[in-house]
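# An overview of the molecular structure
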Amino acid sequence: MGLHSRQPRDAGPGAQPTGLDDRRPPRAPAPRGSRAPRLTAALLALLLAAPLRAEPLRVATWAADLSRDGPGLLLRDIGRDDPAVAGVLAGLAATRPDVVLLTDMDWDGDGAALGALADRLAAGGLDYPYRLALPSNAGLGSGLDLDGDGRRGTARDAQGYGRFAGQGGLALLSRWPLGEVRDLSGLLWRDLPGARLPVGPDGRPFPSEEAQAAQRLSSTGHWIVPVAAPGGPLTLFAWAATPPVFDGPEDRNGLRNADELALWARLLDGALGLVPEGVLLLGLSNLDPADGEGRREEMAALLADLRLQDPRPASEGGRADADPGQAGDPAVDTVDWPGGPEGPGNLRLSYVIPAAEWRVTGGGVLWPLPADPLAEAVAAAGPHRLVWVDLDR
């Protein structure tokens, strides 16, 4: 079924389009001119001068804008005064997670971009000696028509949406050693127990039996990562799922998004091997339990699973920026998208979900109020917001 384990290693760049593509709504514009980098540099110096936080363990995820138009461009931007990179540095300095999963960072084979980002953080006193990035399904060519449009070789015919291999992949930074990684990214969608595969109007497999025989479940990746955390083992279930939109009546992306989430429930059920200790779900589900498109009931059911707990990290910035008619609590939203006819509005899409045995001591979403000096830097890092949870035994 394409399941295997890997030893951790560094990884890095790749690239991804700016502007509107069919993975996401349009990005908020970055601050203009040179004021944003200067402001962020000042904030970064101030934040990194703060004393290190004592235990417990802080775990975070962020779909920050670390993807570019082509391979190697992210590495270039990390080495200069790029507003998005400066915003990421400032956001991580403000929250100081012990472990952070970045879910929209371009991948490269030698880890150059991830290493360069870690070096910039370390130069300011925030050291992540343990790093992980594996080859991603994003941009991985299939040679088939996977989206059913009658053409082959487009970004939507890759195993996960991407215009080149590794565009918008996963990257992990950790203060603590990482164990042997189990990479589930090669699992075929049809091999997931209880898989819900799309069918066309004629009842046949969509887009074809040939496509379904090759289609992987993960649009980016699914990793099981042991972390040698103080006080006992931590096991990350890390992932980033496809948005449940940009498809037709067959609901291919909606079904895939739901099954990318369902993989974790199957693992907790023991259907794919032994359940590890100290489980923590971490990443971008691209699914809100109350608002937006997709099979929202799937996200709601996972958050209500008695084997897990929902800490509901929140922010005053999200609460203050609520959309009219929003069903869910805006304080727990994790992305700032336009509402109304221009976009889906603010949603809760990134999650840190500990197993029930963990003791949650805190958490939040990095969404400063407009008057906060950090607000401009965070906005420059993209529409998504960092989410963190503090844990203890």
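Criteria and thresholds
- Residues numbered from 1 in each chain as written.
- Predicted model: local features only at pLDDT ≥ 70, side-chain atom pairs only at ≥ 80, totals over all residues.
- Heavy atoms only, no water.
- Buried < 20%, exposed > 50% of the residue type's maximum accessible area, 1.4 Å probe, protein only.
- Helix = DSSP H or I, 4+ residues; strand = E, 2+ residues; numbered from the N terminus.
- Pairing = 2+ DSSP bridges.
- Salt bridge = Lys/Arg side-chain N within 4 Å of Asp/Glu carboxyl O.
- Axes fitted to C-alpha atoms, helices over the stretch in contact; angles between N-to-C directions.
- Parallel < 35°, antiparallel > 145°, perpendicular 65-115°, else oblique.
- Left-handed = near helix turned anticlockwise from the far one by under 90°.
- Contact = heavy atoms within 4.5 Å.
- Nonpolar A, V, L, I, M, F, W, Y, C, P; charged D, E, K, R; others polar.
- Arc of directions from axis to C-beta.
- Core = buried A, V, L, I, M, F, W, Y, C linked by side-chain atoms within 4.5 Å.
- Phe/Tyr/Trp six-rings, centres within 6.5 Å; stacked < 30°, edge-to-face > 60°.
- Lys NZ or Arg CZ within 6 Å of the ring centre and 35° of its normal.

## Topic: the pairing of strand β10 (residues 350-354)
Among the five residues that make up β10, five are buried, leaving the element largely enclosed by the rest of the structure. Burial of the side chains of β10 extends over both faces: S350, V352 and P354 are buried on one face and Y351 and I353 on the other. When strand β9 (residues 279-284) meets β10, the two strands line up antiparallel, connected through five bridges. Across the sheet, L284 pairs through a bridge with S350, a residue of β10.

## A word on the pattern of salt bridges
Oppositely charged side chains can pair when the atoms bearing their charge come close. Counted under the stated rule, the structure contains 21 salt bridges. A salt bridge links R151 to D149; the nearest nitrogen and oxygen atoms lie 3.2 Å apart. For the salt bridge of R196 with E298, the shortest nitrogen-to-oxygen distance reads 2.7 Å. Of the two residues, R196 is situated in the loop between β6 (181-183) and α5 (209-214) and E298 in helix α7 (residues 296-303); the sequence distance between them amounts to 102 residues. Classification of R196 by relative accessible area gives partly exposed; the value is 24%.

## Topic: the pairing of strand β7 (residues 221-227)
Within β7, six of the seven residues are buried, leaving the element largely enclosed by the surrounding structure. Sheet topology places β6 next to β7; two bridges connect them, and they run antiparallel. Looking at the pairing, D183 lines up with W223 of β7. The pairing of β7 with strand β8 (residues 234-240) spans seven bridges and is classified as antiparallel. Each bridged residue has a counterpart across the sheet, and for H222 the counterpart in β8 is W239. In textbook terms, the turn of a hairpin is the stretch between consecutive antiparallel strands, and for β7 and β8 this stretch comprises six residues, one of which, G231, has a positive phi near 90°.

## Description of the packing of helix α6 (residues 252-269) against α7
Relative orientation of the contacting elements α6 and α7 amounts to 20°, with a least axis distance of 10 Å. Put simply, α6 runs roughly parallel to α7. Remark: the crossing between α6 and α7 carries left-handed chirality. Contacts between α6 and α7 involve A258, L261 and A265 on the former and, on the latter, E298, M299 and L302. Within the contact of α6 with α7, the residues separate by chemical class into five nonpolar, no polar and one charged.

## Description of α7
Because an α-helix packs 3.6 residues into every turn, residues spaced three or four apart end up facing the same way. Buried residues of α7: M299, L302 and L303, and no others. Projected down its long axis, α7 carries its buried residues within an arc of 100°, all on one side. Contacts from the buried residues of α7 go to α6, β9 and β10.

## What to know about the sheet that holds strand β4 (residues 130-132)
Two orientations exist for strands paired in a sheet by backbone hydrogen bonds: parallel and antiparallel. Taken together, six strands build an open sheet; the order of strands is β4-β5-β3-β2-β12-β11 and the sheet is mixed. Of all strands in the sheet, those bounded by a partner on one side alone are β4 and β11 (359-365). For this sheet, the mean angle separating the axes of adjacent strands, direction not counted, is 15°. Contacting β2 (57-62), β3 (99-105) and β12 (387-392), helix α3 (residues 83-95) runs over the sheet at an angle of about 155° to β2. This element, helix α4 (residues 112-123), spans β3, β4 and β5 (169-174) of the sheet and lies at about 35° to β5.

## A few points about the nonpolar core
Core analysis: the largest hydrophobic core is formed by 61 residues, its most contacted members being V59, L172, W223, L234, L236 and L281. Top contributing element to this core by residue count: α6, with seven residues. In terms of nonpolar packing, the next biggest core, distinct from the first, is built from 32 residues, W62, Y128, L173 and L386 among them.

## Topic: the packing of aromatic side chains
Going through the model one piece at a time under the given rule, you end up with two aromatic pairs. Through pairs of rings, three or more aromatic residues link up here, namely F237, W239 and W264. Directly above the aromatic system of W367 lies the positively charged group of R385, at a separation of 5.0 Å from the ring centroid.

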